[in-house]
Amino acid sequence: MINSKKDTKPNLESNYDEMRARLLHWYDSEGRTLPWRIRPEDRAAGKNADPYAIWLSEIMLQQTTVAHGTPYWHKFLNEFPTVTDLANAERETVLSLWAGLGYYARARNLHKCAVIIRDDYNGQFPNSEAELLKLPGIGAYTAATMAAICFDEATNIVDGNVERVISRIFTIEEPLPKGRKDIRKMAGALASPQRTGDYGQALMDLGAMICTPRSPNCSKCVWQDYCSAFAAKTQLEYPKKAPKKSLPIRYGVVFIAIRGEAVLLETRPDNGLLGGMLGLPGTDWAEGGFPTDPMNHAPFKGDWQAVNGEVRHVFTHFDLRLAVYRAVFDEKDISIGHNGLWADSSQRKGLPTVFKKALKAI
Ligand code: SF4
């Protein structure tokens, strides 16, 4: 559903060339400098985008800010200078370096994808959007971005920043997530067939720097003349969003077994939440209240004491409440099973945030 109000909406199609030219001109002087980015002046000096570096940045920044993700990008490139180095690393090492970025399925897919690139593609990323899309962890946005930036393919790059700009320019009335179809259509029609990577990055920069969610700086915007939302003074109404459903609450129990400086950790099953990561032993996380039989889930018998209060953590799809029990052990030879590890403080550094919160509670 694209707004067709004749009074506020200019006939944009005849202006697409001018809009692209203005945006690229702005990007050439005002676009962001990012460690993985090849700016126009870099390209003029003979540098090319490194698909591995671009891929790492795109996967890392999917759910976090540039400021938070950038140190991780440096850390990964220092530790694994090539995609083959990343493939050759132990998955546990990759997961522990990823700790703090969240969404651990992405780290597992990162490693899986690196192994495929090493084994099936001779250590080189494929050079088309269609081939990139076949790889684990590479979705529509990442494939389009990599193909445009690294291989100059004319693709349609749409991230959250682009969604905001396009929905305002065209006053797209259909709320997200359904409205993404209209947004993609208009973004695709407007996308530049030349300098495709620069254009995509310019549009993302416009969203990140000028057309921001709460205070768009329209007086500095090179597309102000074409913007329906600006003309109607309704910028902040876009993108329209369907009302949020409140998150369900899940409950669980974790056990903190202490032996000297060490704490018992277990490797979580691969196929669940935080799969393959180290975590504290405990119950499943389910709706309907705290488990009524927590001691049946303790890793072994002991003087388990409930810790006051509960630990709270928000995941994408649910809110978690954790009850925490602790006990101190002297025995040297408690059977901890093949998944268990008495972890010292350095081994606990890579724990997911939810378990760090539980450890803090004691
Ligand atoms: S004029 Fe304002 S609302 Fe419209 S695209 Fe530019 S910054 Fe965004």
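All residue numbers refer to position in the chain's written sequence, counted from 1. Totals for whole chains, interfaces and linings use all residues, but because this is a predicted model, local features are given only for residues with pLDDT of at least 70 and pairs of side-chain atoms are given and counted only at 80 or more. Values shown for side chains rest on all heavy atoms present in the structure; no hydrogens or waters enter the calculation.

Per an unreviewed UniProt entry, the protein goes by the name Adenine DNA glycosylase and belongs to Litorimonas taeanensis. Recorded in UniProt for the protein, the comment headed Sequence similarities (unreviewed entry) runs: "Belongs to the Nth/MutY family." UniProt positions are given in the numbering used here, feature names are shortened, and annotations may be inferred rather than shown by experiment. Under the Catalytic activity (unreviewed entry) heading, UniProt states for the protein: "Hydrolyzes free adenine bases from 7,8-dihydro-8-oxoguanine:adenine mismatched double-stranded DNA, leaving an apurinic site."

Next up on the list: the packing of helix 4 (residues 66-79) against helix 6 (residues 91-98). To get an axis, fit a line to the C-alpha atoms, keeping to the stretch in contact for a helix; angles then go from 0 to 180 degrees between the N-to-C directions. To qualify as a helix, a DSSP run of H or I must reach at least 4 residues; to qualify as a strand, a run of E must reach at least 2; elements of each kind are numbered from the N terminus. Packing of helix 4 against helix 6 leaves a shortest axis separation of 10 Å and a crossing angle of 155 degrees. Taken together, the axes of helix 4 and helix 6 lie roughly antiparallel to each other. Crossing of helix 4 against helix 6: the hand is right-handed. Here Y72, K75, F76 and E79 of helix 4 come into contact with helix 6, specifically with V94, L97 and W98. Throughout, the ten residues Ala, Val, Leu, Ile, Met, Phe, Trp, Tyr, Cys and Pro are labelled nonpolar, Asp, Glu, Lys and Arg are labelled charged, and all others, Gly among them, are labelled polar. Considered class by class, the residues forming the contact of helix 4 with helix 6 number 5 nonpolar, no polar and 2 charged. Working definition: roughly parallel below 35 degrees, roughly antiparallel above 145 degrees, roughly perpendicular at 65 to 115 degrees, and oblique for all remaining angles. By convention, the crossing between two helices is left-handed when the near helix turns anticlockwise from the far helix through less than a right angle, and right-handed when the turn is clockwise. Whether two residues touch is decided by their heavy atoms; if any such pair falls within 4.5 Å, the residues are in contact.

Of all the 10 residues making up strand 6 (residues 319-328), 8 are buried; the element is thus mostly covered by neighbouring parts of the structure. One requirement defines pairing of two strands: DSSP has to find at least two bridges between them. In this sheet, strand 6 lies alongside strand 1 (residues 249-259) in parallel orientation, the contact comprising 10 bridges. What sits directly across from R250, in strand 6, is L320. Pairing analysis gives 2 bridges linking strand 4 (residues 305-306) to strand 6, with the strands arranged antiparallel. Within strand 6, the residue paired with Q305 across the bridge is R326. Relative to strand 6, strand 5 (residues 311-314) runs antiparallel, the two being bridged by 4 bridges. Across the sheet, residue V314 finds its bridge partner in strand 6, namely D319. Here strand 5 folds back onto strand 6 in antiparallel fashion, the turn holding 4 residues. Three labels apply to residues, based on accessible area from a 1.4 Å probe with only protein chains included: buried if under 20% of the type maximum, exposed if over 50%, partly exposed otherwise in between.

A few words now on the site of the ligand. Being near a molecule or strand, for a residue, means having at least one of its heavy atoms within 4 Å of it. Around the ligand, the structure places R168, I169, I210, C211, C218, C221, Q224, C227, F230 and Q235. Within the shell around the ligand, the residues separate by chemical class into 7 nonpolar, 2 polar and 1 charged.

The assigned domain composition of the protein is domain 1 (13-237) and domain 2 (249-360). Using only C-alpha atoms to locate each centre, domain 1 and domain 2 end up separated by 37 Å. Of the residues lining the interface, 7 residues belong to domain 1; the matching set on domain 2 comes to 11 residues. The term buried area means the drop in 1.4 Å probe accessible area that two parts suffer when joined, counted for both and summed. Here domain 1 packs against domain 2, burying approximately 690 Å² in sum over the two surfaces, 54% of which is carbon and sulfur. Among the residues of domain 1 in contact with domain 2, R91, Y104 and R108 are the three that bury the most area, contributing 55% of the side total. A pairing counts as a salt bridge when a side-chain nitrogen of Lys or Arg comes within 4 Å of a carboxyl oxygen of Asp or Glu. The interface formed by domain 1 and domain 2 includes 1 salt bridge. Two residues, R91 and D270, come together in a salt bridge whose shortest N-O distance is 2.6 Å. Any pair of N or O atoms that falls within 3.5 Å is considered a polar contact. Within protein, one atom must be able to donate a hydrogen and the other to accept it, and sequence-neighbouring residues count only if both atoms are side-chain atoms. Seen at the junction of domain 1 and domain 2, the total is 2 residue pairs in polar contact (both at pLDDT 80 or more). Where the side of domain 1 that touches domain 2 is concerned, the elements lending two or more residues are helix 6 and helix 7 (104-120). With 3 residues, the single largest contributor to the side of domain 1 that touches domain 2 is helix 6. Note: domain ranges come from an automatic or database domain assignment.

Turning our attention to the pattern of salt bridges. Per the counting criterion, the structure on display carries 17 salt bridges. Salt-bridge contacts for E131 lead to K134; the nearest nitrogen and oxygen are separated by 2.6 Å. A relative accessible area of 25% places E131 in the partly exposed class. When its relative accessible area of 60% is taken as the criterion, K134 is described as exposed.

Turning next to the packing of aromatic side chains. Here is the rule: rings of Phe, Tyr and Trp (six-membered ring for Trp) pair when centre to centre is within 6.5 Å. Planes less than 30 degrees apart are stacked, more than 60 are edge-to-face, and the remainder are tilted. If you walk through the whole model with that rule in mind, you get 13 aromatic pairs. Here the aromatic rings of W285 and F355 are separated by 6.2 Å at their centres, their planes lie at 45 degrees, and the arrangement is tilted. You can see W285 sitting in the loop between strand 3 (278-279) and strand 4 and its partner F355 sitting in helix 14 (residues 353-360), a full 70 residues away along the chain. Each member of the pair, W285 together with F355, is buried.

What follows is about the nonpolar core. The biggest cluster of nonpolar side chains holds 62 residues, and the ones touching the most others in it are W55, F76, L86, W98, L280 and W285. The element contributing the most residues to this core is helix 3 (residues 51-60), with 7 residues. Formed jointly, this core draws a minimum of three residues from each of two domains, domain 1 (13-237) and domain 2 (249-360). When near neighbours in sequence (up to four residues on either side) are disregarded, W55 contacts V83, L86, L110, C113, A114, F125, I138 and M146. The term nonpolar core refers to a set of buried residues drawn from Ala, Val, Leu, Ile, Met, Phe, Trp, Tyr and Cys, joined through side-chain atoms within 4.5 Å.

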